[in-house]
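A closer look at the structure
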Amino acid sequence: MPAAQAEVGLRFPPTFWWGAATAAYQIEGAVTEDGRVPSIWDTFAARPGAIANGDTGERATDHYHRWADDVALMGSLGLNAYRFSVAWPRAANLDFYDRLVDALLARGIRPVATLYHWDLPQWVEDAGGWANRDTAYRFAEHAGLVGARLGDRVAMWNTLNEPWCSAFLGHGIGVHAPGRRDDPFVAAHHLLLAHGLAVPVLRGASPGATVGIALNAGTVRPVTDADADVDAARRIDGLLNRIFFDPLLRGSYPADVVADTSPFTDWGFVQADDLATISAPIDAIGVNYYQPDLVGAAASPVDDGSPYPTGGQVVHHPVPSPVTDMGWPIDPTGLRDMLVRVTTDYGPIPLYVTENGAAFTDTVVDGRVADPARIDYLRGHLTAAHEAIAAGVDLRGYFAWSLLDNFEWAFGYGKRFGLVHVDYRNFARTPKDSALWYRDVIRRGGL
Ligand code: PNW
């Protein structure tokens, strides 16, 4: 029986957005072409030891030159949405994105644009970067520029991708660009302010579009139900989830987070009207989910190199599940629980899974990539997403991370998240078995 007529056990809504996601620096390459200026990731990648194997985004997957083939590939997989990011360093010439958006629409693929997926122009960093409040205003100007060019065609905007990573990895432990160890809380606040300032700008430029933000939300569980472990989970949940969800959707920072973090920051950077700006109404939240977190109280203060500033009071426990090539535990219940929790605590608000996926060591054998573990990962997480819908979550779409194998930040090209394999010697694309499986899921509208 052809796949299209196969039984569908778990049917998704007919309006569901079936997508895949990428980010500019991870796929484009062409870092000196058409007026692109350097970003903090070019600078960071040039720092000895910053990136595994000395990799950089200089050529990446060469998508900047192969975009038309890549859009054709998306069409052949049946995607009806594609989430990409617009490189701020390309602000001087947005022709590439103009053509990309037209090509997507010509194939019936909704363009979903992220305005900041971590590639801050180096000139903005040199003026203080996210530690400087002015950067939020520079970002709103950038949003206006991109909105004016693409706003008539983009279906959904994500202002920022994962401000948690920018703040806590970029400014906390310094494993992401710009590699600073200063105050992640001031960076987080200025990122949120940037988002809030951009929302009305995008609404003006793109009246029909959905406007939102993509957060790396996660489920944080206590290792036992002892009070101290439950309190450790509260702290980490505060530093991962509520520090973003509360200002965005409730207009205030959580009091417990402000209290917990008083040894590290004084929050004096929050100005009178900021929270009103940050909580500008949005249409949807994008959630990027990879793994749950299991935490407990530390018997005595430990420094485990964690990005969460807790003064060493929390320990992260291994989750008893199989892991991906990143060492990240595979636990789809964390996705379901997170979607339900966001809806219960902050909703009802339309949600999109804007990223979900797994790295495995994939190789091409006779023109084929067998990646059954990725199929299991995707099936498990789509099942969890379906459970969330059944529980009343207004989930509107799902974007696999990633369309292509790509530059996995500090891990370089060694970690392959793609549905499509990239051979970095000649940039050949080979859809993995998971891509073909996903195509069939999309055709059937379910699992
Ligand atoms: C996300 N963490 O990054 C990003 O949005 C993607 O660009 C990236 O390729 C993908 O997930 C896979 O890593 C994250 O340490 C990086 O918790 C690190 C973390 C979370 C998300």
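It should be emphasised that the depicted structure is a prediction, and the values quoted were computed from it without experimental measurement. (Residues numbered from 1 in each chain as written. Predicted model: local features only at pLDDT ≥ 70, side-chain atom pairs only at ≥ 80, totals over all residues. Heavy atoms only, no water.)

1. What about the site of the ligand?
In the region of the ligand, 16 residues are neighbours, and Q26, H117, E355, E408 and W409 sit closest. Contact between the ligand and E355: an oxygen atom at 2.8 Å from a side-chain N or O atom of the residue. At a separation of 2.6 Å, an oxygen atom of the ligand approaches a polar side-chain atom of E408. Here the ligand, which alone exposes 450 Å², has 86% of that area covered by the protein. Taking a 2 Å distance to the grid points as the criterion, the majority of the atoms of the ligand fall inside the largest pocket. The element contributing the most residues to the shell around the ligand is helix 7 (residues 163-172), with 3 residues. When the residues that make up the shell around the ligand are grouped by side-chain class, the tally is 9 nonpolar, 4 polar and 3 charged. (Near = heavy atom within 4 Å. Polar contact = N/O pair within 3.5 Å; in protein donor to acceptor, adjacent residues only side chain to side chain. Areas by Shrake-Rupley, 256 points an atom, 1.4 Å probe, with all protein chains shown as cover. 1 Å grid on protein atoms, 1.4 Å probe; cavity = no way out; pocket = protein on both sides within 12 Å on 5 of 7 lines; lining within 4 Å. Sits in = over half its atoms within 2 Å of the grid points. Helix = DSSP H or I, 4+ residues; strand = E, 2+ residues; numbered from the N terminus. Nonpolar A, V, L, I, M, F, W, Y, C, P; charged D, E, K, R; others polar.)

2. Thoughts on unusual backbone geometry
Here the residue pair G347 and P348 is connected by a cis peptide bond, since its omega of 0 degrees sits within 30 degrees of zero. Structurally, the position occupied by P348 is in the loop between helix 12 (333-346) and strand 10 (351-355). In this model, W401 is joined to S402 through a cis peptide bond whose omega is 15 degrees. Mapped onto the fold, S402 is located in the loop between strand 11 (395-401) and strand 12 (420-423). Even without a glycine there, the phi angle at W267 is positive, about 60 degrees.

3. Some remarks on the nonpolar core
Judged by nonpolar contacts, the single largest core of 148 residues is most densely connected at W41, Y97, Y116, W157 and Y438. Here this core takes 12 residues from helix 8 (residues 184-205), the largest share from any one element. (Core = buried A, V, L, I, M, F, W, Y, C linked by side-chain atoms within 4.5 Å. Buried < 20%, exposed > 50% of the residue type's maximum accessible area, 1.4 Å probe, protein only.)

4. Concerning the sheet that holds strand 9 (residues 314-317)
Taken together, 3 strands build an open sheet; the order of strands is 6-8-9 and the sheet is mixed. Strands with a single pairing partner mark the edges of an open sheet, and in this sheet they are strand 6 (220-222) and strand 9. Shown here is a sheet whose adjacent strand axes are inclined to one another by a mean of 40 degrees, direction ignored. Two elements, strand 8 (residues 293-297) and strand 9, share 4 bridges in a ladder whose sense is antiparallel. Considered in strand 9, the bridge of L294 is made with H317. Running at roughly 130 degrees to strand 8, helix 9 (residues 227-250) makes contact with strand 6, strand 8 and strand 9 of the sheet. (Pairing = 2+ DSSP bridges. Axes fitted to C-alpha atoms, helices over the stretch in contact; angles between N-to-C directions. Contact = heavy atoms within 4.5 Å.)

5. Points about the UniProt feature "active site" (unreviewed entry) in the chain
Residues given the UniProt feature "active site" (unreviewed entry) here are E162 and E355. Taken together, the annotated residues stretch across 194 residues yet fold into one region, lying no more than 10.4 Å apart by C-alpha. The subset of these annotated residues that lines the largest pocket comprises E162 and E355. Within the secondary structure layout, E162 lies in the loop between strand 4 (156-161) and helix 7. On the basis of relative accessible area, E162 is assigned to the buried category, the value being 6%. (UniProt positions renumbered as here; feature names shortened; annotations may be inferred.)

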